Every structure is written in structure tokens, then in C-alpha cells.
Amino acid sequence: MRLLSTSPIVVLTGAGISRESGLHTFRDADGIWAQVRLEDVATPEGYARDPARVQAFYNARRHGLNDPGVVPNAAHFALANLERLWPADVLVVTQNIDDLHERAGQQRLIHMHGELLKAFCTQCRVVERCTSDLSVTDACPNCGAVGTLRPDVVWFGEMPYQMERIYEALAACDLFVSIGTSGNVYPAAGFVAEARANGAHTVELNLEPSEGATLFAESVLGPATEVVPGFVNELLALL
């Protein structure tokens, strides 16, 4: 891998980076989608059928994220350190809706699937911080409409956030790193091919090979708290 200190870096993170912080992944045998049907709680249609059930699902996840025992791990801190020390741009694009990257100090960050600790009003389109439960009887603090607040989370069938900015970064980066993602949810699963097509070196850091593992030029397998800090240290040693 030949990188210069002027080489921009894009990092994609998935649920695997937060697993060692105590948050469940989605597609493991004991993951979230083994416990509940995604069609019921993570689609606009599911929300239309039973908004109270969807609110309860995300309320429970919000409680889990607010647990004092859930904190950023060594992988989160390593990426924040990379951003702080690498002379060129480092952009983290996360599929995660938790705030662990922010708590570790990450500044340049895109939550392509939204944020659990924010609420979105379907009436006035305003996004508000939300750290407590949401209910179908809540009124929007901005417009006053009742029953219009939903989690600011991108559901299946909806367009992820800031896609234009993400593709611009993929076109400009010299290194693309994917961390802790299954590689079977699009459009994120297609980022490695996009980066490769634009000449970037591609690296997968994962507990096990993703579905798109063969698309990466380099792969390092192991727990995120081990392989991510190790890889970041290798990058910083190039300076």
C-alpha cells in the first residue's frame, strides 16, 4: 500500500465496530433481525401499520444506547485519532445509528442511516435531538403537530442521507476502509466497487469476511478493538 500524507481516506463502519461496546449487530445468529422482523419495525409500511410498535422498538434501542455501560471502544478512538493526526481528509461514513463515533471524538462523520438520538417530524421536516421515549401522542416542539414524530432513522426502502457527498468522497479518496459491515446492504455494499473504480486501495477490517470480501485488495480479520487500532497505527507510521 503506497499512501502519501496528502492521500484522502474514506472509512465505512457497520454494526461490527460497536459490537464490543455492547450493542447488538443485525445479521448474526443472535442479532436484531433474528429477534424481530425488519419488515415490521424498519420499513415505512411497518410504521404505517403499527406506529406504536415501531416507536416501542426504537425506544428500547435508545434505552440500550443510553446504558452507562455502553461506551466507545478502542476502534472508535483509533478512528478519531486517525482523523486528528492524518494530514489529509479522513471521512467516516457510518451505517450505525448510535453516537459512539461522536463520543470518541470523531468530527468528520456522516450518519448515512440517520441517528437514534434524533427525531424527525413528518409534518414540518424538522429534526430534533431526542434522548427519551417517543410516542404516537407526542406533539412536535416546532410545529405542534401530534403523532408526526418518528425516529430520524433511514428505513429499508428510503434513501440514505448525504449520498452525493459520500460518492464525491469515494471518487476522491486514495484509501477506502470497510469496518465491521456484512456487505449485503446497498448502497453501502457498493462503496468498495465505487472506490476501486476510482483507483483507491481497498481494505476490509472485519470479524469474518463480508459478502463482498473478494472486492477488497487487502483483508485483516479479527475483533474491531484489535484490528482497527493496529491498522491505524500502521497508517500513522507512514507519516
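Everything below is about the structure shown above.
This structure is a prediction, so every number in the text was calculated from the model and none was measured. (Residues numbered from 1 in each chain as written. Predicted model: local features only at pLDDT ≥ 70, side-chain atom pairs only at ≥ 80, totals over all residues. Heavy atoms only, no water.)

(A) Spotlight on the side chain of Thr-148. With respect to the helices and strands, Thr-148 occurs in the loop between β5 (127-129) and β6 (149-153). Not counting the four nearest positions on each side in its chain, Thr-148 is found in contact with Phe-120, Cys-121, Thr-122, Gln-123 and Cys-140. (Helix = DSSP H or I, 4+ residues; strand = E, 2+ residues; numbered from the N terminus. Contact = heavy atoms within 4.5 Å.)

(B) The pairing of strand β1 (residues 9-13), seen in detail. Across the 5 residues of β1, 5 count as buried, placing the element largely inside the fold. The alternating pattern of β1 places Ile-9, Val-11 and Thr-13 on one face and Val-10 and Leu-12 on the opposite face, and all of these are buried. Bridge count for β1 against strand β2 (residues 90-94) is 5 bridges, and the pairing is parallel. The residue of β2 that forms the bridge with Thr-13 is Thr-94. Strand direction decides the pairing type here: β1 and strand β7 (residues 175-179), joined by 5 bridges, are parallel. Counted as the bridge partner of Thr-13 is Ile-179 from β7. (Buried < 20%, exposed > 50% of the residue type's maximum accessible area, 1.4 Å probe, protein only. Pairing = 2+ DSSP bridges.)

(C) Geometry of the environment of Phe-156. Tracing the backbone through its elements, the reader meets Phe-156 in the loop between β6 and α6 (163-172). Residue classification places Phe-156 among the partly exposed positions, given a relative accessible area of 32%.

(D) Spotlight on unusual backbone geometry. The peptide bond linking Tyr-186 to Pro-187 adopts the cis configuration, its omega dihedral lying at 15°. Structurally, the position occupied by Pro-187 is in the loop between β7 and α7 (191-197). Residues other than glycine seldom take positive phi values, yet Arg-125 does so here, at roughly 70°. Residue placement: Arg-125 occurs in the loop between β4 (114-121) and β5. With relative accessibility at 57%, the residue Arg-125 sits in the exposed group. With phi around 55°, Gln-162 is a residue other than glycine that occupies positive phi space. You can see Gln-162 is positioned in the loop between β6 and α6. Looking at Gln-162, the relative accessible area reads 40%, which means it is partly exposed.

(E) Summary view of helix α8 (residues 224-236). For α8, with 13 residues, the first-to-last C-alpha span of 18 Å sits near the 18 Å given by 1.5 Å per residue. Next to the buried residues of α8 lie β1, α4 (74-85), β7, β8 (201-206) and β9 (218-221). (Expected span 1.5 Å × (residues − 1).)

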